[in-house]
Amino acid sequence: MFEIRKGVFVDELRNVSIRIGEVAEEEEEWEAQGPTPKPGIIELRKWDHKLLERYEPFYAPVQDFCNLCTMGPCDLSFNKKGACGIDLRTAKARLVTIACSIGSSAHTAHARHLVDHLIEEFGEDVPIDLGGDVNVEAPLIRTVVGIKPKTLGDLRKALEWAEKEIVKVLHSTHIGNEESILDYESKSMQVSMADHVGMEVADIAQIVAFNFPKAKPDTDLVPTGFGIVDVKKPVIVVVGHNVMYSRPIMDYLEKSGRIDDFEIAGLCCTAHDMTRYRSKAKIFGPISYQLRVIRAGLPDVVVSDEQCIRADLLDLCSKMGIPLIATSDAAVRGLPDVSDWEVDEIVEALVSGKLKGVFLPVPEKVGEVAPKVAEAIFNKYKDRKYKFFASDEELKAEIAKCTQCMSCVFTCPHNLRIDIGMAHAQKTGDLSKLAILEEQCLACGKCEQACPKEIKIVNVIMRSNFDKLYTKTGKTRVGRGPIQDTEIRKVGQPIVFGQIPGVIAAVGCINFPDEMKSIVEILEEFLKRRYIVVTSGCHAMDIGMIRDEEGKTLYEKYPGNFDAGCIVNVGSCVSNSHIAGAAIKIANIFAMRPLRGNYAEIADYILNRVGAVGFSWGPYSHKAASIATGFNRLGVPVVVGPHGMKYRRAYIGKPWKKEKWWVYDIKTGQKTFIEPAPDSLLVAVETKEEAIVQLARLCIRPNDTSMGRQIKLTHYIELSKKYMGDLPDDWHVYVRTEADLPLKMREELLKILEEQHGWKIEWGKKKIVEGPLRSYDAGFNPTVMEEVFAKYRR
Amino acid sequence: MISKEEKFPIAKRYNVADVQVSKEATAVKPMVVANLIKKAKNPVLITGGALLEDSKLVEIAVKFYEKGIPIIATGGSSKPLIERGIKPLFKTYTLHQITQFLLDEEFKPNGKNFDVVLFLGFLPYYLSRMLSALKHFSNITTIAIDEFYHPHAKFSFTNLTKDKELHYAMLEEVLSKL
């Protein structure tokens, strides 16, 4: 018989709490753990210092004072120290660290928003499936964090690491911390590496949860530009970078069978991500199109989320009678939170004008509210679209107000001669001198703030060039996300050996120094020469606006594969992680280098072997700063347009200092002096001609085979002759053997080497006998890391 | 010392928001620029991308070269200069790189450090940052001879944006006094 024995009953445990934490599952042994999984703030310092020793930080102060604390403001000019002891150089290094922290936190918070929301909506077990051709699913997370994420839930571990590092780096910028520029630069690099992880988390999460294209080269082409919308339909405009909030608009309209009754178009990266969700969405353009689109009365409702949105969006929209729905807690815009209101209540408040805008961080409600508001507003103001002025008389009256005081000229980022355009129009009625300004105008609106007559200068410029602006429309290939492992298998060797002369990654904002078409001219030079061109974000949509004489954009002329002579649009800002990921995958898939927690070795591999160069022709945001710095830490040089100078810091090596350019050759076991390739990690150019030549020269790597070096030198020399008028200054330093010389010019170049550089040539065999810095060895195996040298030398 | 007559009144900056607390450039007349060049031990003219658009600036740069001032050509400005028979000291490096080099006392491409550097033909915001770097971190005498007043140069032409012809005339005047 069963007997109840004396013991503790459950009832008596009522005050005992039992917590079950994360169930620790043993991770699959997919790769041996490397030396730096989840690296702390100084764990990669040694690698950074290797880079910074070669690529010395350069500072170009925008201000020579500091006013961050109450003991200031302090005059730091001529490198003086402030009250806290910091000098001008270090203050600038700190400021760049802060800028990179802002950029990094933007992407990482975006990732956090997405991951938490998606886990709530779909559960944490959603598998990380990026398609059958992508097995190395998260190269950055594998390399930096040391984990192989299998589900949405696993992405949280990577995010937690990134968030911790951002906080630690931001802490280091407080008064009384670092005093060395090198340590601040190392921290910039750390936080920017975290940025790359944050971007990868965000994009993987949205690809798998929203079923975005998965590494597909031939995605759809979507209309792009100012003149893309049908004025007979209500227009919903989404703006920002986090598609999570506006995606349900598509779902709602599809479900209600009304998707074709509306136009849905975006500004900035949300536009990219809307098209990745459904290719019925369209792209207006980058941040410089916000004023153009809103002032032209195109939206019937605007849905904003976060990042790179004008800080006066509500003011702009309300002046045009356009209701605004703000959705992200990062940009509430002073609006009332209507999360708990009924949908019809919100719609009524916005349509009646009782509220100019609302804060509605509930994606499902946004999906229903936005179309209802758009339809009602469309019916209210049917004729206002594509009009900057009610009449030509109104335009004329606006132009007549100008006194040519030139206040606008000295405020304009490009010093555009608005005064000349206005004067000419006043005298002759001809708008052509105003029209040409539109091509370069960033539509920032600063001119209007400076104008004592309160002329709507942006509207005048846009109206003057209306026809061209309207027809500056084309097609963008929808962002494809990651690069396939199979593509890497195909191009890995030719990239590392140099037969594919380089990968040009055109990434970033719209602060171009000249007309938008210049980005296309630059990139087409490389596409024709069979470089791989990769793009994302604002650059990717600008490319989609510019058509050639036959009416085709680069996306229609060149395939979307990751291969020679192709152009790949990876997608939005956070998709930049796939570009860094492709470089990492080359080291892993082609060269079999282990990724897990092995960042420095992989970056060292990329620096010495992978001829990839980042290119930001119009850098603007803090995110662009952290993206570029993250690439730099990974061993990828970046060329920026002239506005990029205002980031204040660059990494520029001194090629004449021979002692700075060395590697360990794992094959011979010797420390070897090498050609300075690449000689800069971050450098600003002034003109498109200069951009082209710098991009070509920075693709050269010490590991190039003779065939590869020959191809790279051929392009470099040809481009220098075309755009600089002669041979490059430094072509000879890249010559190791006669086989490196371009075939067609071999004799001519040998003669120059002999006559101008004193090299010895055996003319019978057309052979270099003496002169080069080093000879070519097919087994050359470079590294700058002692640990890597020791590991592979064994 | 530069006399009152040799200076322009305080000029409008190329960008009204480019404000600093430290010394701003002295806006000088062509004679002063000519004298500074004449007194220099190793002057150099750095040219920028505007030469690709403005043939008059090319002509001016050629005349400086003919007066014995070496040229570092950046931004692609080497192309029209080489077509006119000029052999620039450098043509491949950007102004950004050249400025980094100038900050290093070991940079002696013609055997000596440059003590006076003239800048012609640049996007003003691009040049401004480089002048700021040279102002704070070097002892080089920088002279901006573009149409914009550059506060971070040691010496600059005044603001000539409204009168291109006057700018050209001032450049010619410098040359005539060398």
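Look above for the structure.
Residues numbered from 1 in each chain as written. Chains lettered and ligands numbered in written order. Predicted model: local features only at pLDDT ≥ 70, side-chain atom pairs only at ≥ 80, totals over all residues.

1. A short note on the overall build of chain B
What counts, and what does not: Secondary structure elements follow DSSP: runs of H or I of four or more residues count as helices, runs of E of two or more count as strands, with numbering from the N terminus. Computation of the radius of gyration draws on C-alpha atoms, with the globule rule given as 2.2 Å multiplied by the number of residues to the power 0.38. Counts of 20 or more other C-beta atoms within 10 Å of a residue's own C-beta define buried residues, counts of 12 or fewer define exposed ones, and intermediate counts define partly exposed ones; C-beta atoms are placed from the backbone. Contacts are defined on C-beta atoms placed from the backbone: any two residues whose C-beta positions lie within 7 Å are in contact.
From N to C terminus, chain B includes 6 helices and 6 strands. Starting at the N terminus and walking to the C terminus, you meet the elements of chain B as β-α-β-α-β-α-α-β-α-β-β-α. For chain B, the C-alpha radius of gyration of 15 Å lies close to 16 Å, the compact-globule estimate for 178 residues. The principal-axis extents of the C-alpha atoms in chain B amount to approximately 40 × 35 × 30 Å. Out of the 178 residues in chain B, the part that is buried amounts to 53%. Within chain B, residue pairs in contact and separated by at least 24 positions form 63% of the contacts whose partners lie at least 6 positions apart.

2. Some remarks on the nonpolar core
All names here are of chain A. Applied cut-off: Put simply, a nonpolar core is buried Ala, Val, Leu, Ile, Met, Phe, Trp, Tyr and Cys residues tied into one set by C-beta atoms within 7 Å.
Of all hydrophobic cores here, the largest spans 309 residues; its most connected members are Ala205, Ile236, Ile504 and Leu695. At 14 residues, helix H5 (residues 181–210) tops the list of elements feeding residues into this core. The contact partners of Leu695, leaving out residues within four places of it in the chain, are Ile504, Phe526, Val613, Phe615 and Val639. Within the second largest apolar cluster, 7 residues are counted, among which are Val663, Tyr664, Ile674 and Val784.

3. Quick notes on the sheet that holds strand E2 (residues 43–47) of chain B
Sheets are built from strands that pair by backbone hydrogen bonding, the pairs being arranged parallel or antiparallel. Residues and elements named next belong to chain B. Where we set the bar: Pairing between two strands requires that DSSP report at least two bridges joining them. Helix axes use the C-alpha atoms of the stretch in contact, all axes being lines fitted to C-alpha atoms, and the angles between their N-to-C directions lie in the range 0 to 180 degrees.
Ordered in space as E1-E6-E5-E4-E2-E3, the 6 strands form an open sheet in which the pairing is parallel. Two strands lie at the open edges of the sheet, namely strand E1 (26–27) and strand E3 (71–73), each paired on one side alone. Note that E2 and E3 share 3 bridges and pair parallel. Bridge pairing in E3 places Ile46 opposite Ile72. Lying on the sheet, helix H5 (residues 124–137) is in contact with strand E4 (116–120) and strand E5 (141–144); it crosses E5 at an angle near 160 degrees.

4. Remarks on the interface of chain A and chain B
As a reminder of what qualifies: By the convention adopted, Pro, Cys, Tyr, Trp, Phe, Met, Ile, Leu, Val and Ala count as nonpolar, Lys, Arg, Asp and Glu as charged, and the other residues, Gly among them, as polar.
With 43 residues of chain A at the contact, the number on the chain B side is 41 residues. Looking at the side of chain A that touches chain B, the elements with two or more residues in it are strand E1 (55–59), strand E17 (649–653), strand E20 (680–684), helix H25 (688–697) and helix H26 (706–724) of chain A. Examining the composition of the side of chain A that touches chain B, we find that 4 residues originate from one element, H25 of chain A, more than from any other. Taken together, the residues of the side of chain A that touches chain B sort by class into 22 nonpolar, 11 polar and 10 charged.

5. So, the sheet that holds strand E16 (residues 638–640) of chain A
All names here are of chain A. One open sheet holds the 8 strands; their spatial order is E1-E17-E20-E16-E15-E12-E13-E14, and the pairing between them is mixed. Edge positions in the sheet fall to E1 and strand E14 (567–571), since each of these pairs with one other strand and no more. The average angle at which neighbouring strand axes cross in this sheet is 25 degrees, direction not considered. Alignment of E16 against E20, held across 3 bridges, turns out to be parallel. Among the inter-strand pairings, Val639 is bridged to a residue of E20, identified as Val683. On top of the sheet, helix H19 (residues 517–528) reaches strand E12 (503–506), strand E13 (532–536) and E14; it is set at about 165 degrees to E12, its chief contact.

6. Some details on unusual backbone geometry
Residues and elements named next belong to chain A. Cis geometry is adopted by the peptide bond preceding Pro73, which originates at Gly72 and carries an omega value of 0 degrees. Looking at the secondary structure, you find Pro73 in the loop between strand E2 (65–66) and strand E3 (74–75). Cis geometry is found at the peptide bond from Ala677 to Pro678, where omega equals -5 degrees. Relative to the assigned elements, Pro678 resides in the loop between strand E19 (670–673) and E20. Unusually for a residue other than glycine, Gln307 sits at a positive phi of about 70 degrees. Relative to the assigned elements, Gln307 resides in the loop between strand E8 (301–304) and helix H9 (313–319). Given 24 C-beta atoms within a 10 Å radius, Gln307 is considered buried. Phi at Arg648 takes a positive value of approximately 80 degrees, unusual for a residue other than glycine.

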